[in-house]
Amino acid sequence: MRRGERIVTLLWAGIFLALFYANIYERQAPPFVPWDRWEVLEEEGRGGQERPTTAHLSEAYVPKRYPAVERFSGAVGTDTVGSGWLQRTGHWPEWKALRLVELRSKWGGIDSMLAEREGWDRAEWTWRWSPPEPMDLNLVSEEALFAHPLWRAGQVRAVQRFRSRVRPIRNWEEVYRLADFDSVQKVTLPHYFKINRLGEGGEL
């Protein structure tokens, strides 16, 4: 068979195959109905059956209901609560529960001022606060000041330089002259640190 004849034969085979599938599709397709008769045929095909209402449809698609989550409403101590309890019973995300434990360690406790700043005061339960014991600024170590969230590195170095080379600190005005402190620090630092006036030799 020549090449040209073979191509013609393949073309005719393709045409007949396409017609064959078109015939199958036409037998399965619904009959053509003009758009202006759709409503009439719909009423005839219903055969007097009751049209489904919105109520019936809503019953068929009832959303899945989950059991209500019980919330703890008692008193919780900020000095003893753990991250596991906050996640399981308090339904806190892990990052939030771990942050409370971390800040409690850094601050030495959790009071209402810190809880309000972090947004923890809006819990479903009642907090029993454990305010940090104020640390003496003349006795606290340099490492503790560096670790405390309220202090910046430059401020700690200035305070430590003054304490070690000049004398113990006498008041907060003296502290604020050693470095730059913002207004928030000036309000909060006296809540977490105290200044006991010491003599030149370090004695009360």
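Predicted model only: the values in this text are computed from it and were never measured.

A. Examining the overall build of the protein more closely. Along the backbone of the protein there are ten helices and four strands. Ordering the α and β elements of the protein from the N terminus gives α-α-α-β-α-α-α-β-β-α-α-α-α-β. Buried residues in the protein amount to 27% of all 204 residues. Contacts spanning at least 24 positions in sequence make up 53% of the contacts within the protein whose residues lie at least 6 apart.

B. Quick peek at the nonpolar core. Counting residues in each nonpolar core, the largest one holds 34 residues, and the members touching the most others are Trp127, Leu137, Trp151, Val175 and Phe193. Secondary-structure elements contributing two or more residues to this core are helix H5 (94-107), helix H6 (112-118), helix H8 (153-165), helix H9 (172-178) and helix H10 (183-192). Ignoring anything within four residues of it in the chain, the contact list for Leu137 reads Leu145, Trp151, Arg163, Ile169, Trp172, Val175, Phe193, Lys194 and Ile195.

C. Seen up close, a nonpolar patch on the surface. Together, Val8, Trp12, Ile15, Phe16 and Leu19 line one region of the surface with nonpolar side chains, adding up to about 540 Å² of accessible area. Residue placement: Ile15 occurs in helix H1 (residues 3-28).

D. Quick peek at the packing of aromatic side chains. As enumerated under the stated definition, the model contains twelve aromatic pairs in all. Here the aromatic rings of Trp92 and Trp127 are separated by 6.2 Å at their centres, their planes lie at 70°, and the arrangement is edge-to-face. A residue pair is termed long-range when its members are at least 10 positions apart, and Trp92 in the loop between helix H4 (83-88) and H5 and Trp127 in strand E2 (residues 126-128) qualify at 35 residues. Just as Trp92 is buried, Trp127 falls in that class too. Here a set of aromatic residues connected by ring pairs shows up, and it is made of Trp85, Trp92, Trp120, Trp125, Trp127 and Trp129. The aromatic ring of Tyr176 is capped on one face by Lys186, whose charged end is 5.5 Å from the ring centroid.

E. Summary view of H8. Over its 13 residues, H8 extends 18 Å from the first C-alpha to the last, a length consistent with the 18 Å expected when each residue adds 1.5 Å. Among the residues of H8, those classed as buried are Gln155, Val156, Ala158, Val159, Phe162 and Arg163. Along the axis of H8, the buried positions cluster into a sector of 165°, meaning they face one direction only. For H8, exposure combined with an orientation more than 90 degrees from the buried face picks out Ser164 and Arg165. Lining the buried residues of H8 we find helix H7 (142-147), H9 and H10.

F. Representation of the pattern of salt bridges. Tallied over the full model, the rule gives six salt bridges. Salt-bridge contacts for Arg117 lead to Glu118; the nearest nitrogen and oxygen are separated by 3.7 Å. In this structure, Arg122 and Asp121 form a salt bridge, with 3.8 Å as the shortest nitrogen-oxygen distance. Beyond isolated ion pairs, a larger network of salt bridges with shared partners links Arg99, Arg117 and Glu118.

So, how was this worked out
Residues numbered from 1 in each chain as written. Predicted model: local features only at pLDDT ≥ 70, side-chain atom pairs only at ≥ 80, totals over all residues. Heavy atoms only, no water. Helix = DSSP H or I, 4+ residues; strand = E, 2+ residues; numbered from the N terminus. Buried < 20%, exposed > 50% of the residue type's maximum accessible area, 1.4 Å probe, protein only. Contact = heavy atoms within 4.5 Å. Core = buried A, V, L, I, M, F, W, Y, C linked by side-chain atoms within 4.5 Å. Patch = residues over 30% accessible without salt bridge, like charges linked within 9 Å, V, L, I, M, F, W, Y side chains within 5 Å. Areas by Shrake-Rupley, 256 points an atom, 1.4 Å probe, with all protein chains shown as cover. Salt bridge = Lys/Arg side-chain N within 4 Å of Asp/Glu carboxyl O. Phe/Tyr/Trp six-rings, centres within 6.5 Å; stacked < 30°, edge-to-face > 60°. Lys NZ or Arg CZ within 6 Å of the ring centre and 35° of its normal. Expected span 1.5 Å × (residues − 1). Arc of directions from axis to C-beta.

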